[in-house]
Every structure is written in structure tokens, then in C-alpha cells.
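As a plain string of letters, each chain reads:
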Amino acid sequence: MERTPSKTWRIAVLTSGAGRGSNLQALYEYFKKHSLPVEIAFATASRKDAPVVQLCEKLNIPCYILSPKKDKDFENQLLELCQQEKIELIALAGFMNLLSSSFLEKVKIPVLNIHPALLPKYGGKGMYGMNVHNAVFASDDKVSGVTVHLVDPQYDNGPIIAQVKVDISDCKSPEEIAAKVLEIEHQTYAPVIYQFLCKYYAPEK
Ligand code: GAR
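Residues numbered from 1 in each chain as written. Predicted model: local features only at pLDDT ≥ 70, side-chain atom pairs only at ≥ 80, totals over all residues. Heavy atoms only, no water.

### With respect to the packing of aromatic side chains
In total, this model carries 7 aromatic pairs according to the counting rule given. Between Phe 74 and Phe 95 the ring centres are 6.0 Å apart and the planes differ by 15°, which places this aromatic pair in the stacked class. Of this pair, Phe 74 sits in helix H3 (residues 74-84) while Phe 95 is found in the loop between strand S4 (89-92) and helix H4 (101-107), placing the two residues 21 residues apart along the sequence. Each member of the pair, Phe 74 as well as Phe 95, carries the same accessibility label: buried. On the numbers, 4.9 Å between centres and 80° between planes, the contact of Tyr 200 with Tyr 201 is edge-to-face. Looking at Tyr 200, the relative accessible area reads 44%, which means it is partly exposed. Members of the aromatic cluster, connected to one another through ring pairs, are Trp 9, Tyr 194, Phe 196, Tyr 200 and Tyr 201. (Phe/Tyr/Trp six-rings, centres within 6.5 Å; stacked < 30°, edge-to-face > 60°. Helix = DSSP H or I, 4+ residues; strand = E, 2+ residues; numbered from the N terminus. Buried < 20%, exposed > 50% of the residue type's maximum accessible area, 1.4 Å probe, protein only.)

Here it is as C-alpha cells:
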């Protein structure tokens, strides 16, 4: 699809579980601050009491309660929403479930994920949130980081789009690592998404 000067890319942001939403907020603020033609057309949360629901209200972003675990037809509903809303990219931000190959084929748009470590280390089933930082802390690693990658039907497995290293040699707990890494996540995801959109939808020469 070609981007015309008046075109605004429409993206959806998926969260799950407790859905804190700090990455969603960082995306929103970055696109706004830099007046970029990217709109978060909707977000999803898996529970109506997730903090991200209130955040969406504050930011005026439509938020749908859709749970990959509770809603049997989760992927069909998501597909329908993406089509209805003319979504051009899905960004996972704290979304802890798999998306099937059938969904990824049908939706026909790129799906990106942010992971709080340097993949392929500390990725895979069960490696999310504090589990990642606990494992990194238990290792001898002096460096952790952030990975943005394309999503395929396996956990943390798709092609890597960007990685940023974070020096954790001074971190005295997994929580300190988490805080340091999260700060870099907030600086990384939005520009990477924007650059990805520019390249992916660049008119062919
Ligand atoms: C982020 O640290 C994100 O990298 C991680 O969940 C957190 C969500 O925080 N995602 C994963 O671990 C995926 N494997 P947020 O709700 O404040 O954006």
C-alpha cells in the first residue's frame, strides 16, 4: 500500500494479563510529540480491570476487552477488528500469548513484538516480564537489552528488527534490571515502529 502525504498509519496495540500499558503510553506520547502520522486506532486488554483500560480512557484510545485465554474466537474477533479499523500494523506490548499461523496469514499485516532481553537469549515459553529479568540476574551477564522482532507462531522467534543493549553491571536486583530495560523499551519501540512502517509501506521505485 502506498503512503500519500495525507496518510496516517493505523496501528493496533495488544496487551494482556495485568496490562500495565507503559509501552502503549510511550508509543502514544512519541507519535504525538513528533507529530508522526501514526494513530493507535485501538488497543486490547484481556481484563476490564487491567490498568491499561484506564490508561486508554485517559488517552482516548478505544480499548477492547479480548482475552486469548477466555475468548474462544479471540483471533477471529481480532481479525475482524483489524479489518474493520483498517489496521496496517499490530504492535504487541506486554502481550504474552501466541498468535497462530492461520491468524498471521489471514491478517496480512506485520505484527511486531517488544521483548525485554537480547533475543535469542531469554526468550521462549514462560519468558516474559519479571521471569526474563530474574533469569538475567541469575546469570553472569553484564548486558541485557531490548529486542523488537516480527512475530511468527512461536514465542519470541521471528526475525529481529532492532536490538538495543543495556549495561546492567551496576544492577543489584532483577527489579533494577527491569527498570533500566523498561526505560530503554520506552525509547526504542515507537521509533522502530515508525521506521518499519516507512520501509514496509514505501512506494516501490
Ligand atoms: C514489557 O517489559 C514488555 O517488554 C514485556 O512485558 C512488559 C509490558 O510492560 N513483554 C514480554 O515480556 C513479552 N515476551 P507494559 O505493559 O508496561 O508495556
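### A look at the site of the ligand
The environment of the ligand is made up of 15 residues, and the closest members are Arg 20, Gly 21, Ser 22, Asn 23 and Glu 185. Within the side chain of Glu 185, one N or O atom sits 2.6 Å away from an oxygen atom of the ligand. Relative to its free-state accessible area of 450 Å², the ligand is covered by the protein chains to the extent of 93%. When atom positions are compared with the pocket grids, the ligand is found to occupy the largest pocket. Those elements giving two or more residues to the shell around the ligand turn out to be helix H1 (22-33), strand S5 (111-115) and helix H6 (174-200). A per-class count over the shell around the ligand returns 6 nonpolar, 6 polar and 3 charged. (Near = heavy atom within 4 Å. Polar contact = N/O pair within 3.5 Å; in protein donor to acceptor, adjacent residues only side chain to side chain. Areas by Shrake-Rupley, 256 points an atom, 1.4 Å probe, with all protein chains shown as cover. 1 Å grid on protein atoms, 1.4 Å probe; cavity = no way out; pocket = protein on both sides within 12 Å on 5 of 7 lines; lining within 4 Å. Sits in = over half its atoms within 2 Å of the grid points. Nonpolar A, V, L, I, M, F, W, Y, C, P; charged D, E, K, R; others polar.)

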